[in-house]
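Survey of secondary and tertiary structure
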Amino acid sequence: MFILLRKLFIKNYKNVEDENVRIAHGKLASIVGIIVNVILVSLKITFGIIASSIAIIADALNNLSDVSSSLVTLIGFKMSSKPADKEHPFGHQRIEYIAGLIVSIIIIVIAVLLLSQSIERIISQETSNYDLWTFIILGVSILLKLLQFAIYFSFSKTISSVALKATAYDSLGDILATTLLLAGALVSYYTGLNLDGYLGIVIAIFVLVAGIRLVKETSSPLIGESIKKDLVNKIILDISAYDGVLGVHDVLCHTYGPRKIFMSIHVEVDGNVNVFISHDLIDKIEKDIKKKYDIDLLIHLDPIDLNDVETNVLENDVKTILKELDDSLKVHEFRIVKMDEAQKIVFELLYPYDSKCSENQIKEVLANKMLELHSGNNFIYDISFERPYYEE
């Protein structure tokens, strides 16, 4: 059914890598959400007033917040599709994250209002009058919300949208809340217990928890998340496969939206090869990666002297010592600077966040082990500790 929906309203619906197709998915999902929620708000407010039920009215207001959410999401997708300009040279795709954050804040505000009104209902001890139509409306509401959740979740996976995923989970929370409301209304109808205010509190808590969770989920990309390791590893493997590439390291990735990724990386090449040949190789790699992954890649060229036996021996010793200390430590850009009375060992050390070794411990162990292996040499260490920018 979802494929048919996409096929009817989205041109070239299968080509989700195309930004226009992606935007069309977001707009369609938002429009469906607006239509469904407007219907639910109208029905629930009408029957909530008839039944004098704060819980049903609260559920209606929750759906009204969903209308606002869908409108914000729709506007977010439209604005995020704007091309780059002078003030925003990296484009506007992050607006989608901002839209998701606004949705989350709206949800929290509505939850607080619902909680307050429900407590007032308990204090006033006002009773509700449920009838058969109330149960029918709540049942239809659950079915429509299930349909909405399925559409949002399917589309969010199809186009990898944080905003749509946030709205999908909000719909799931609505389903749970309305199901609980229906169950409570049935209990009240058959037992005479006045549970309306208590049901309103439970629904408000559902909405509040969902809103807080969504704030965390939608704000995380704005703060800056690491790139998925599968994508980075594919790119590293592709680059490493080129003739002339000796090694790849220092991967730095950052995003300006779901489809706007920038990456810089260091590529090691033989320093004895003509620099123009190496430069042509780097240019080709950058263009190939852009064409294959639509990622703007900047490569830093690292020439390696493969013929320097002393450097190779010392580098191998340093790598062996550090690997024994912590297998996650990675050495890059190793070189020797010869001084009058000492040799300076210079390198970058990829130092993961979860490493159990401190920087001082690493330096101390390395110095002691190297002194054992090369007792007649005086080494000075210049180590740059680097944190990984993607999940390995």
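Model, not experiment: these values are computed from the prediction.

Rules and cut-offs
- As a convention, each chain's residues are numbered from 1 in the sequence order in which they are written.
- In view of the model being predicted, local features appear only for residues whose pLDDT reaches at least 70, and side-chain atom pairs are presented and counted only at 80 or more, with totals across whole chains, interfaces and linings using the full set of residues.
- Excluded from the side-chain calculation are hydrogens and water; included are all heavy atoms of the structure.
- Here an angle of 0 to 180 degrees is reported between the N-to-C directions of two axes, which are lines fitted to C-alpha atoms, with helices fitted over the stretch in contact.
- A run of DSSP states H or I qualifies as a helix once it reaches four residues; a run of E qualifies as a strand once it reaches two. Both are numbered from the N-terminal end.
- For classification purposes, an angle smaller than 35 degrees is called roughly parallel, one larger than 145 roughly antiparallel, one from 65 to 115 roughly perpendicular, and anything else oblique.
- Handedness of a crossing is defined here by the sense of rotation of the near helix relative to the far one, left-handed for an anticlockwise turn of less than a right angle and right-handed for a clockwise turn.
- By definition, residues are in contact when any of their heavy atoms lie within 4.5 Å.
- The pLDDT value expresses, per residue, how confident the predictor is, ranging between 0 and 100.
- One fewer than the residue count of a helix, multiplied by 1.5 Å, yields its expected span.
- Each residue gets one of three labels from its accessible area relative to the maximum for its type: buried under 20%, exposed over 50%, partly exposed in between, using a 1.4 Å probe on protein chains only.
- An arc is given here, and it is the one of the directions from the helix axis to the C-beta atoms.
- Polar contacts here mean pairs of N or O atoms no more than 3.5 Å apart (in protein, one a potential hydrogen donor and the other a potential acceptor; neighbouring residues in sequence count only if both atoms are side-chain atoms).
- At least two DSSP bridges between two strands are required for those strands to pair.
- Here a salt bridge means any side-chain nitrogen of Lys or Arg lying within 4 Å of a carboxyl oxygen belonging to Asp or Glu.

Right, let's talk about the packing of helix H10 (residues 309–325) against helix H11 (residues 359–373) for a bit. Here H10 crosses H11 at 130 degrees, and the two axes come no closer than 10 Å. Here H10 is positioned oblique relative to H11, judged by the angle of their axes. The handedness of the crossing between H10 and H11 is right-handed. Contact with H10, carried on its side by Leu 314, Asp 317, Val 318, Ile 321, Leu 322 and Leu 325, involves Gln 361, Ile 362, Val 365, Leu 366, Lys 369, Met 370 and Leu 373 of H11 and no other residues of that element.

This paragraph deals with the confidence of the model for the protein. Confidence along the protein averages 82 in pLDDT terms, with 92% of residues attaining 70 or more. Ranking the elements of the protein by mean pLDDT puts helix H3 (residues 54–80) last, at 72, and helix H9 (residues 275–293) first, at 91.

This part takes up H9. Compared with the 27 Å implied by 1.5 Å per residue over 19 residues, the 27 Å span of H9 between its first and last C-alpha is a close match. Those residues of H9 not exposed but buried are Ser 278, Leu 281, Ile 282, Ile 285, Glu 286 and Ile 289. Projected onto a plane normal to the axis of H9, the buried residues spread over an arc of 135 degrees and lie on a single side. Among the exposed residues of H9, those oriented more than 90 degrees off its buried face are Phe 276, Ile 277, Asp 280, Lys 287 and Lys 291. Where the residues of H9 are buried, they touch helix H8 (229–240), strand E2 (261–270) and strand E3 (296–304). Two to three positions downstream of the cap, the backbone nitrogen of Phe 276 sits 2.8 Å from a side-chain oxygen, assigning the N-cap of H9 to Asn 274.

A word on the sheet that holds strand E4 (residues 330–338). Strands pair in a sheet through their backbones, by hydrogen bonds, and they do so in one of two ways: parallel or antiparallel. Strand order in this open sheet of 3 strands is E4-E5-E6, and the pairing throughout is mixed. Two strands close off the open sheet at either side, each with one partner strand: E4 and strand E6 (379–386). Geometrically, the sheet is characterised by an average inter-axis angle of 15 degrees between neighbouring strands, direction not taken into account. Those strands touched by H10 are E4, strand E5 (343–350) and E6, and its axis lies near 140 degrees from that of E4. With respect to the sheet, H11 is in contact with E5 and E6, its orientation differing from that of E6 by roughly 145 degrees.

Moving on to the pattern of salt bridges. The final tally for this structure, using the stated rule, is 7 salt bridges. Two residues, Asp 294 and Lys 290, come together in a salt bridge whose shortest N-O distance is 3.2 Å. Accessibility expressed as a relative area gives 43% for Asp 294, which makes it partly exposed. Here the salt bridges do not stand alone but share partners, grouping Lys 290, Asp 294 and Asp 296 into one network.

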